[in-house]
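Per-entry structural report
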Amino acid sequence: MAEELISFEPATGTELARFAVGAADVEVAAAREAWAGWAARPLAFRIETMRRFANVVRAKSDAFTDLIARETGKPLWEARTEVDSVVAKVDISVSAYADRTSQRRMEQPMGARIAVRHKPHGVLAVLGPYNFPAHLPNGHIVPALIAGNAVVFKPSEKTPAVGAFMVDCYREAGVPEGCIRLLIGGPAEGKALAEHAGIDGLLFTGSARTGLALNRLFADRPEKILALEMGGNNPIVVWDTPDLHSAAVLVIQSAFTTAGQRCTAARRLIVESRLYDPLIETLCGLVRRLIVGAPHDQPAPFMGPVIDNDVADQLGESFLALLMRGARPIRHLERPDPARPFLSPAIIDVTGMAERPDIELFGPILQVSRVDDFDAAIAEANATRYGLSASLVSQTPGLYDRFWANIRAGIVNWNKPTNGAASNAPFGGVGWSGNHRPSAYYAADYCAYPVVSSEADSARASLGVGLRDS
């Protein structure tokens, strides 16, 4: 077993940081010891601590931005938006907790009342992804801490430095060390944490393969909360629109932002046959102009590398597999330097291809299908086990009504990118994209459970039937 985890910069291959691999037993034990004291603190105290966390991150914004950019390879401008999202999550989570878990009181006869309050689960494990190593786990951790839970956070083994930086910010803001624990490690440590008897729930963002394994693991553990966000094979449909330039921009934003490493990224473009040729021409013209580069390059790149060489190799193999099954390349997936994971945006026509794999290609590969009628477009969009995000680009409101009513996804957008999800709204999907535990604004729902109490100020009771005469 490795005793040390090394983080490398994807863009340069330079070593960024080294960390000792941790132990789930140690971290869970510390969290279990600390969580009750944190839960006993007034809600106002916990909220104020989270507001201090936002101020700490704000003060360290430049350093945090630089670290995210270096460890993920994403452009500096995009890393900055992630830091902004970390700060904004606090106010959103405060509002969500008040809205979703507010105390309620209902008066009953004879001075009695029904009260609804919420309690924290206890110790929650958070498994974070590498594509948004700060924003996405923070979206679990902040609402969990507000609710009074302790958290054991295991960042992705590909982005441990960002995870460690963020944990330091929580602690500097006043979160007790026992209430925010950092578990460094790889899949073995993640598995040990997920299986640990001392956690009261698991909050996960990552691949469907891992999410399905976690779902099986928790199948006989109904007493533990499990929230899964597992990505998607998302469609964007272009239909009946005269503005092909705007349509092409929306497709590019959907498919290639973050080098395609977003769970909401468009993997599939479905286009009306009569628009196919002009749209593809416009799309390719824009793609040729996209700058792929390192985070600090000038001019600023549109996208950086994928996370590492292993992922780049897998994406290359997946593109080749599509070709071997009959797909037609429109723009090849190119890799200028075999030693580095920079990939060019790729477009491939899969119209009529037999046995097309229903998988999430987590990178800059866009599969295109042409269809003749709108019902066929909806059927093609729904031809997936996933159901996270879908978008329609069209000037016809009636088509959007049909699209919204019939598409199977948790996020359905109109004339917006597939990845245009707001943090002040619920975020989640159906099918293999999640287990009906949406995050973002609805994270408050899985960070606390409701307790219903029938209450009266004094005991007044009588038996009206079923008694023998005295």
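Everything here concerns the structure above.
The following paragraphs examine the structure supplied in this document. (Residues numbered from 1 in each chain as written. Predicted model: local features only at pLDDT ≥ 70, side-chain atom pairs only at ≥ 80, totals over all residues. Heavy atoms only, no water.)

Some remarks on the nonpolar core
To keep things clear, this is the line we draw: In this description, a nonpolar core means a group of buried Ala, Val, Leu, Ile, Met, Phe, Trp, Tyr and Cys residues linked to one another through side-chain atoms lying within 4.5 Å. For the exposure calls, accessible area comes from a 1.4 Å probe over protein chains only, and a residue counts as buried if that area is under 20% of its type's maximum, exposed if over 50%, partly exposed in between. Secondary structure follows DSSP: runs of H or I at least 4 residues long count as helices, runs of E at least 2 residues long count as strands, and numbering of each begins at the N terminus. Contacts between residues were defined by any pair of non-hydrogen atoms, one from each residue, lying within 4.5 Å.
Counting residues in hydrophobic clusters, the biggest one holds 75 residues, and the most contacted among them are F53, F64, Y170 and L193. The element that contributes the greatest number of residues to this core is helix α6 (residues 160–172), accounting for eight residues. Other than its neighbours up to four places away in sequence, F64 contacts V57, V83, A134, V162, F165 and M166. Counting 47 residues, the second largest nonpolar core, distinct from the first, contains I236, L279, I307 and A346.

Some remarks on the sheet that holds strand β6 (residues 150–154)
Basically, it comes down to this: At least two DSSP bridges between two strands are needed for those strands to be called paired. Fitting a line to C-alpha atoms yields each axis, with helices limited to the stretch in contact; the angle taken between N-to-C directions then spans 0 to 180 degrees.
Reading across the sheet, the five strands line up as β7-β6-β5-β8-β9 and stay open at both edges, with parallel pairing between neighbours. The open sheet has two edge strands, β7 (180–182) and β9 (225–229), and neither has a second partner. Pairs of neighbouring strands in the sheet enclose a mean axial angle of 15°, with direction left out of account. Strand direction decides the pairing type here: strand β5 (residues 123–127) and β6, joined by five bridges, are parallel. Bridged to V126 within β6 is F153. Along the sheet, helix α1 (residues 24–40) contacts β5, β6 and β7; its crossing angle with β6, the most-contacted strand, is approximately 160°.

What to know about helix α8 (residues 208–217)
For clarity, the cut-off: Of all possible arcs, the one meant is that of the directions from the helix axis to the C-beta atoms.
All of the buried residues in α8 are A208, G211 and L214. Here the buried residues of α8 occupy an arc of 120° about the axis, which is enough to place them on one side. Turned more than 90 degrees off the buried face of α8, the exposed positions are R209 and R216.

Points about the sheet that holds strand β12 (residues 328–331)
Taken in spatial order, the seven strands line up as β12-β13-β14-β11-β10-β15-β16 in an open sheet, and their pairing is mixed. Every other strand in the sheet has two partners, leaving β12 and β16 (411–414) as the edge strands with one partner each. Each neighbouring strand pair of the sheet contributes to a mean axis angle of 20°, computed without reference to strand direction. As defined by bridge partners, β12 adjoins strand β13 (residues 346–349) across three bridges and the pair is classed as antiparallel.

Comments concerning the packing of helix α12 (residues 374–381) against helix α13 (residues 397–406)
Keep this limit in mind: By definition, turning the near helix anticlockwise from the far helix through less than a right angle yields a left-handed crossing, and turning it clockwise yields a right-handed one. Lys, Arg, Asp and Glu make up the charged group, whereas Ala, Val, Leu, Ile, Met, Phe, Trp, Tyr, Cys and Pro make up the nonpolar group; the residues left over, Gly among them, are polar.
Interaxial distance between α12 and α13 falls to 11 Å at its minimum, and their mutual angle equals 30°. Between α12 and α13 the crossing geometry is right-handed. Judged by residue contacts, F374, D375 and I378 of α12 engage L399, R402, F403 and N406 from α13. Residue classes in the contact of α12 with α13 are distributed as four nonpolar, one polar and two charged.

Focus: the pattern of salt bridges
Condition: In what follows, salt bridge is the name for a side-chain nitrogen of Lys or Arg lying within 4 Å of a carboxyl oxygen of Asp or Glu.
Inspection of every chain in the model, using the stated rule, returns 27 salt bridges. For the salt bridge of R18 with E15, the shortest nitrogen-to-oxygen distance reads 2.6 Å. Assessed through its relative accessible area of 44%, R18 is described here as partly exposed. The class of E15 is partly exposed, set by a relative accessible area of 38%. Overlapping salt bridges, with partners in common, bring together R113, R117, E455 and D457 in one network.

A closer look at α1
Note the cut-off: To estimate how far a helix should extend, the number of its residues minus one is multiplied by 1.5 Å. Bending is quantified residue by residue as the angle between axes fitted to the seven-residue window ending at that residue and the seven-residue window starting at it.
Taking 1.5 Å per residue as the helical rise, α1 with its 17 residues ought to reach 24 Å, and the 25 Å between its terminal C-alpha atoms agrees with that figure. When the local axis directions of α1 are compared, the greatest deviation, roughly 35°, occurs at A34. Listing the buried residues of α1 in full gives A24, E27, V28, A31, W35 and W38.

Observations regarding the environment of S93
Within the element layout of this structure, S93 appears in helix α4 (residues 76–100). Separated by 241 residues in the primary sequence, S93 and E334 have C-alpha atoms spaced 41 Å apart. Sequence-distant contacts of S93, defined by excluding residues within four places in its chain, comprise V142, P143 and I146.

Remarks on the environment of L217
Here L217 lies in helix α8. Between the C-alpha atoms of L217 and K191, which are 26 residues apart in sequence, the distance is 9.8 Å. When residues no more than four places from it in sequence are discounted, the contact partners of L217 are A194 and E195.

Don't take any of this as a statement about function, it's just geometry.
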